[in-house]
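This is what each chain is made of:
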Amino acid sequence: MLGTFCVLSAGVQRAWSSSSCLFMDPSSPGLVLQSQSTDVFQNLALEDWIDAHVDLQQRSVLLLWRNRPTVVIGRHQNPWAECNLPAMRSAQVPVARRRSGGGTVYHDLGNLNLTFFASKKAYDRRRNLKVVTDALRRVRPQLDIQATDRLDILLNGHYKISGTASRLSRKSSYHHCTLLHSADRSAIAVLLRPSCPGIRSNATPSIPSPVANLSDHAPSLQWEELLEAVVQQYSSEFGLTSSSQCVDPADEALFPGVGSMEAELRSWEWTFGKTPKFSVETQLELRDERPAARCSAQLQLEVKNGRVESCRVEVPATWLPERLSASLAQALLGERFCPHRAAAALSALLRCESGPLHSRLHNLCDVLVAAMG
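Just so it is clear, the model here is predicted, and its values are computed rather than measured.

Q: Is there a simple way to think about the pairing of strand 14 (residues 278-289) in this case?
A: Across a regular strand the side chains alternate sides, sitting on one face of the sheet and then on the other. Where strand 12 (residues 199-201) lies against strand 14, three bridges are found, and the strand directions are antiparallel. Its bridge partner lying in strand 14, S201 is registered against F278. The pairing of strand 14 with strand 15 (residues 292-304) spans 12 bridges and is antiparallel. Opposite R287, over in strand 15, you have R294 as the bridge partner.

Given below as structure tokens:
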């Protein structure tokens, strides 16, 4: 399958797009939806839309989805502390901030995401995880699968195959979890590491755990078999009789306003600007090839709403005049904590300086920009 769960006929798509009855059947105790998209922002927006617009007081909804390679951080996390942003830019892997709490996770097409929607009163994460563990035990009874007190799912009592996060609203709730079938574990090791040294923050930190894929221990378990087992177990647990339905999360006719939700999730203001206030204190190693010399500098930054609120660069006066290091710090105030924006802000300062100090100032700018991830 090319990154999708199933394909609807054009006639069925038109019927759904022209009607809002998908969520309106009062006789149905629940619904299973499978997203046709592998775009993380579209799928997270669909989660938001269902949570905001579907009456969950009388029915439950299970949304199944997966994404192209992506790193997803929790609502209260710091992307610079959680993600290897330079490596992600190089590999064209986006970072997305979800609305639920919890830690950072890596998604790709070998990872199944499950979102359980219910009323706030019916919110029950253990029941939801039981759907997953019972489904796995049914199709591969030889596997040692257990849900933990932290609401993870472990394989063989040690390897994490599923992590959990949730969000509670005034009347509704959703609980989502991952399920590692055949994800790229080498990407997890490379991408889930800090970008910047010296970050101090009250943001929620991730707790590293050893992970495994189901395919490592049950090689014959195919994606389609796993998906069918989960759908059947959910239907049995919640009393559903209808089959799952495929939906396009970008369909404005079916999900009015979902595009604006997606746009917000894609924005820098949401992904980086919502980071809890943090500081950076780190040492910068400087060098000058003409003549060969080295020096250390101290960088101190305060970052609020993703922008530099204060900046201090302490460089020995014998290396660089204080007026230049002060001008550098001043140029960064109010700028996004971002290497591209910082480089642009410092380029004007570099253009104004010539002579023997230019190479040292240029090196300081380069090292400072690199420290921003």
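Q: Please clarify how the packing of aromatic side chains should be interpreted in this entry.
A: Aromatic ring pairs are defined here through the distance separating the ring centres and the angle between the ring planes. In total, this model carries nine aromatic pairs according to the counting rule given. Measuring from centroid to centroid gives 5.2 Å for W80 and F272, while their planes differ by 50°, and the two rings are tilted. Within this pair, whereas W80 is found in helix 3 (residues 79-82), its partner F272 is found in the loop between helix 10 (268-271) and strand 14, the two being separated by 192 residues in sequence. The exposure classification of W80 matches that of F272, with both residues buried. Taking 5.2 Å as the distance between ring centres and 75° as the angle between the ring planes, the aromatic pair formed by W80 and F337 counts as edge-to-face. Of this pair, W80 sits in helix 3 while F337 sits in the loop between helix 11 (322-332) and helix 12 (339-352); the two residues are 257 residues apart in sequence, bridging distant segments of the chain. Given the relative accessible area of 2%, W80 is considered buried. By the ring-pair criterion, three or more aromatic residues cluster together here, those being W80, W268, F272, F278 and F337. Lying across the ring of W268, R336 places its NZ or CZ 4.2 Å from the centre. The ring of W319 carries the charged tip of R360 above its face, separated from the ring centre by 3.9 Å.

Q: Any chance you could explain the confidence of the model for the chain here in plain terms?
A: Fine structural detail should not be taken from predicted coordinates in areas where pLDDT scores are low. Confidence along the chain averages 92 in pLDDT terms, with 93% of residues attaining 70 or more. A low-confidence stretch, residues 7-19 (pLDDT under 50), is modelled with 15 contacts involving residues beyond four sequence positions or located in other chains.

Q: How do you make sense of the domain arrangement of the chain when you look at a structure like this?
A: Parsing the chain into structural domains produces domain 1 (30-272) and domain 2 (278-372). Computed from C-alpha atoms alone, the centre-to-centre distance between domain 1 and domain 2 is 39 Å. Residue-level contacts link 12 residues of domain 1 with 14 residues of domain 2. Summed over both sides, the interface of domain 1 with domain 2 buries roughly 1,100 Å², with 54% coming from carbon and sulfur. Taking the shortest distance from any N to any O, the salt bridge between E269 and R336 comes out at 3.3 Å.

Procedures and definitions
- Residues numbered from 1 in each chain as written.
- Predicted model: local features only at pLDDT ≥ 70, side-chain atom pairs only at ≥ 80, totals over all residues.
- Heavy atoms only, no water.
- Pairing = 2+ DSSP bridges.
- Helix = DSSP H or I, 4+ residues; strand = E, 2+ residues; numbered from the N terminus.
- Phe/Tyr/Trp six-rings, centres within 6.5 Å; stacked < 30°, edge-to-face > 60°.
- Buried < 20%, exposed > 50% of the residue type's maximum accessible area, 1.4 Å probe, protein only.
- Lys NZ or Arg CZ within 6 Å of the ring centre and 35° of its normal.
- pLDDT = per-residue confidence, 0-100.
- Contact = heavy atoms within 4.5 Å.
- Domains from an automatic or database assignment.
- Buried area = accessible area lost by both parts, 1.4 Å probe.
- Salt bridge = Lys/Arg side-chain N within 4 Å of Asp/Glu carboxyl O.

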